[in-house]
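Examining the three-dimensional arrangement
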Amino acid sequence: AFTVGSHPIDMVAATMRVPVDELGLVSSLRGAPLEVVKCITSDIRVPADVEYVIEGYFDSRGHVESEGPFGEFLGYYGGVKQNPVFHCTAITHRKDAVFQTASIGGYRNDRTDTALLNALRTEATVWGALQSAVREPLNVYATPSSGGMFNIRVSLRQRVRGEARNAILASFSSLANVKNVFVVDPDIDIFSDQQMDWALATRFQPDRDLIVEGGLRTLPLDPSIAKGTRTGAKAGFDLTWPFGTTNDLEKSVPDVPKFQGKTFASVEAALGDGPKYFEELMTALGSRDGREVVRALDVVRKAGKLTRDDRGRWALRPAK
């Protein structure tokens, strides 16, 4: 029995591959008891609130015919296939029935119903694998433009060396369709294409941070694999900083001045509190444009007391 026009969460249930009773799964996702009705020509129970029910059977003799081509979730047409013939025995529907369809494929694959449904299932599956593989996963994003399962972005906070690679391998094994995995530190927004591109450009060395595994089971619908094969490769991109180096100056991100901090009576008193950037000295003196800070620094310099540390901050020269 095929149902058309169901509760939206039922579509999520349809993408899940768990060995449980289908109606029980639908009820669990709805968070409420599920009312069902018996089909007209079989004993199958279906949700009572659907728009259409199409009943039928497949011939036990294995009758097949050519079917297709249809759009597929990866954006392209699938090939013509030999599929079992469905023999319809009854169609029932509500009096004011709406025949619901789902968008699939095309140049805007990131907005299709199928890609978004796939992404939700993929993210939940990968998240489950990460929870046992690394200590602190933060977020998972399956890009809809990749069909909702081929390209995965993972954000985590590494607690020990090597966790980024553990996350990559765990994601590989969670689903056959996961193909490319990108792992980033917490400061990268995995939902931002710009920030992911930035991380790839500035935190990744191919000879150090690329993991490639071949000969793995994959989806035959992937148009990039060799025709007639069922194996392919997966790639992992470790876009995290090498463990324990995130405080280096060259890895700090410029930001607009905040002008926050303690105030002091003079520049020399402020520097006596510790090294400071010019912005912090402006805050320390309550300066509007920094001109008095420049003059005060020059006085300290002429007195032979001014220096700069390895982070470029102004500081008092240690007394001899």
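Refer to the structure above for everything that follows.
Below, the structure is looked at part by part. (Residues numbered from 1 in each chain as written. Predicted model: local features only at pLDDT ≥ 70, side-chain atom pairs only at ≥ 80, totals over all residues. Heavy atoms only, no water.)

Time to look at a nonpolar patch on the surface. Together, Met-16, Val-18, Val-20 and Leu-29 line one region of the surface with nonpolar side chains, adding up to about 280 Å² of accessible area. Examined against the element boundaries, Val-18 turns out to sit in the loop between α1 (8-15) and α2 (22-30). (Patch = residues over 30% accessible without salt bridge, like charges linked within 9 Å, V, L, I, M, F, W, Y side chains within 5 Å. Areas by Shrake-Rupley, 256 points an atom, 1.4 Å probe, with all protein chains shown as cover. Salt bridge = Lys/Arg side-chain N within 4 Å of Asp/Glu carboxyl O. Helix = DSSP H or I, 4+ residues; strand = E, 2+ residues; numbered from the N terminus.)

Take the layout of surface pockets next. Here the largest pocket is characterised by a volume of approximately 1,700 Å³. In terms of lining, the largest pocket is formed by 43 residues, of which the most central are Phe-2, Thr-3, Met-11, Ala-14 and Thr-15. Those elements that provide at least two residues to the lining of the largest pocket are β1 (2-4), α1, α2, β3 (45-47) and α3 (113-133). Looking at side-chain class alone, the lining of the largest pocket contains 24 nonpolar, 10 polar and nine charged residues. One number sums up the size of the second largest pocket: a volume of about 400 Å³. Class assignment of the residues belonging to the lining of the second largest pocket gives a composition of eight nonpolar, four polar and five charged. (1 Å grid on protein atoms, 1.4 Å probe; cavity = no way out; pocket = protein on both sides within 12 Å on 5 of 7 lines; lining within 4 Å. Points joined across faces, edges and corners; volume = space filled by probe spheres on them. Nonpolar A, V, L, I, M, F, W, Y, C, P; charged D, E, K, R; others polar.)

Turning our eyes to something else, we now look at the pattern of salt bridges. Inspection of the entire model under this criterion finds 21 salt bridges. Between Glu-136 and Arg-157 there is a salt bridge, and its shortest N-O distance comes to 2.7 Å. Of this pair, Glu-136 sits in the loop between α3 and β8 (137-142) while Arg-157 sits in the loop between β9 (151-156) and α4 (163-174), and the two are 21 residues apart along the sequence. The class of Glu-136 is buried, set by a relative accessible area of 19%. Arg-157 gets classed as partly exposed once you look at its relative accessible area, which sits at 37%. Here Glu-136 makes a salt bridge to Arg-159, at a shortest N to O gap of 2.5 Å. Linking Glu-136 in the loop between α3 and β8 with Arg-159 in the loop between β9 and α4, this pair joins segments that are 23 residues apart in sequence. Here Arg-159 falls in the partly exposed class, since its relative accessible area comes to 46%. Connected through shared salt-bridge partners, Asp-10, Arg-30 and Asp-49 make up one network. (Buried < 20%, exposed > 50% of the residue type's maximum accessible area, 1.4 Å probe, protein only.)

Attention now moves to the sheet that holds strand β10 (residues 180-184). Sheet architecture is open: five strands sit in the order β8-β9-β10-β12-β11, paired in mixed fashion. The strands lining the two open edges of the sheet, one partner per strand, are β8 and β11 (210-217). Each strand axis lies, on average, 15° off the axis of its neighbour in the sheet, ignoring direction. Looking at chain direction, β10 and strand β12 (residues 231-238) are connected through four bridges and run parallel. Along β12, the bridge assignment pairs Asn-180 with Ala-235. (Pairing = 2+ DSSP bridges. Axes fitted to C-alpha atoms, helices over the stretch in contact; angles between N-to-C directions.)

Right, let's get into the environment of Thr-245. Along the polypeptide, Thr-245 turns up in the loop between β12 and α7 (267-272). The partly exposed category is assigned to Thr-245, whose relative accessible area is 21%. Taking the C-alpha atoms as reference, Thr-245 lies 23 Å from Val-256; in sequence the two are 11 residues apart.

This brings us to empty space enclosed by the protein. Picture a little ball the size of a water molecule; that probe, rolled over the atoms, points out where space is still empty. The full count for this structure, using the stated rule, is one cavity of 30 Å³ or more. Of the volumes computed, that of the largest cavity is approximately 40 Å³. In terms of lining, the largest cavity is formed by Ala-176, Asn-177, Val-178, Lys-179, Leu-216, Arg-217, Thr-218, Gly-232, Ala-233 and Lys-234.

Attention now goes to the sheet that holds strand β7 (residues 86-93). Taking strand neighbours across the sheet as the criterion, the three strands line up as β1-β4-β7 in an open arrangement whose pairing is antiparallel. Of all strands in the sheet, those bounded by a partner on one side alone are β1 and β7. Neighbour to neighbour, the strand axes of the sheet diverge by 20° on average, direction disregarded. Summarising the sheet, β1 and strand β4 (residues 52-58) pair through three bridges and their orientation is antiparallel.

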